[in-house]
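If you want the building blocks of each chain, they are given just below.
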Amino acid sequence: QVQLVESGGGLVQAGGSLRLSCAASGSIFSFLTMGWYRQAPGKQRELAASVPPFGNANYADSVKGRFTISRDNAKNAVYLQMKSLKPEDTAVYFCSARNIDGVDYWGEGTLVTVSS
């Protein structure tokens, strides 16, 4: 069973930074697109950022210029560097990855809380 485990969430003041990490466990060949979704209380889950193996990253308008997604294909890991955090960034952040067979995997989520 392939699993994705996120880490790096926590409490941070507005304007601060956090780096989220997602590490895959189990035996896999490779992932195609990997990304980070987020869900705030009372809101739908939305895509914050995604990146293919060898292409350009995609970002939600709300995080452009502040968040940077990166990946290590050899390690099957994906990261999200979050800067200039705002209270509206408060959410549970979920790691997502699609393997070469089109199967999607999800992490359990890590909570990011940004205080004023």
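Definitions and limits used
Residue numbers here run from 1 along each chain, matching the order of that chain's written sequence. Since the coordinates come from a predicted model, pLDDT governs what is reported: local features require at least 70, and pairs of side-chain atoms require 80 or more to be given and counted, while whole-chain, interface and lining totals use all residues. Each side-chain value is derived from all of the structure's non-hydrogen atoms; neither hydrogens nor water enter the calculation. Burial here depends on accessible area, computed with a 1.4 Å probe over protein chains only, as a share of the maximum for the residue type. Under 20% is buried, over 50% is exposed, and the range in between is partly exposed. Here a helix means four or more residues in a row that DSSP labels H or I, a strand means two or more in a row labelled E, and each is numbered from the N terminus. Two strands qualify as a pair provided that DSSP identifies no fewer than 2 bridges between them. Contacts are residue-level and defined by heavy atoms, with any inter-residue pair within 4.5 Å sufficient.

As for the pairing of strand S11 (residues 110–115)
In regular strands, side chains alternate between the two faces of the sheet.
Here is step 1 of the chain: Burial of S11 is one-sided: the residues Thr-110, Val-112 and Val-114 facing one way are buried, the residues Leu-111, Thr-113 and Ser-115 facing the other way are not.
Here is step 2 of the chain: Two strands pair when backbone bridges link them, and strand S2 (residues 10–13) and S11 are joined in this way by four bridges, in the parallel orientation. Paired with Gly-10 across the two strands is Val-112, which belongs to S11.
Here is step 3 of the chain: Here strand S9 (residues 91–99) runs beside S11; their pairing, made up of three bridges, is antiparallel. Across the sheet, the residue bridging to Ala-91 is Val-112, located in S11.

Focus on unusual backbone geometry
Here is step 1 of the chain: One non-glycine residue with positive phi stands out, namely Asn-76, at about 50°.
Here is step 2 of the chain: With respect to the secondary-structure elements, Asn-76 resides in the loop between strand S7 (67–72) and strand S8 (77–82).
Here is step 3 of the chain: We note that Ser-84 has phi near 50°; this positive angle belongs to a residue other than glycine.
Here is step 4 of the chain: Following the sequence through the fold, Ser-84 ends up in the loop between S8 and S9.
Here is step 5 of the chain: When its relative accessible area of 41% is taken as the criterion, Ser-84 is described as partly exposed.

Structural notes on the environment of Asn-58
Here is step 1 of the chain: Positionally, Asn-58 belongs in strand S6 (residues 58–59).
Here is step 2 of the chain: Along the chain, Asn-58 and Thr-68 lie 10 residues apart, while their C-alpha atoms are 9.6 Å from each other.
Here is step 3 of the chain: Ignoring anything within four residues of it in the chain, the contact list for Asn-58 reads Ala-48, Ala-49 and Ser-50.

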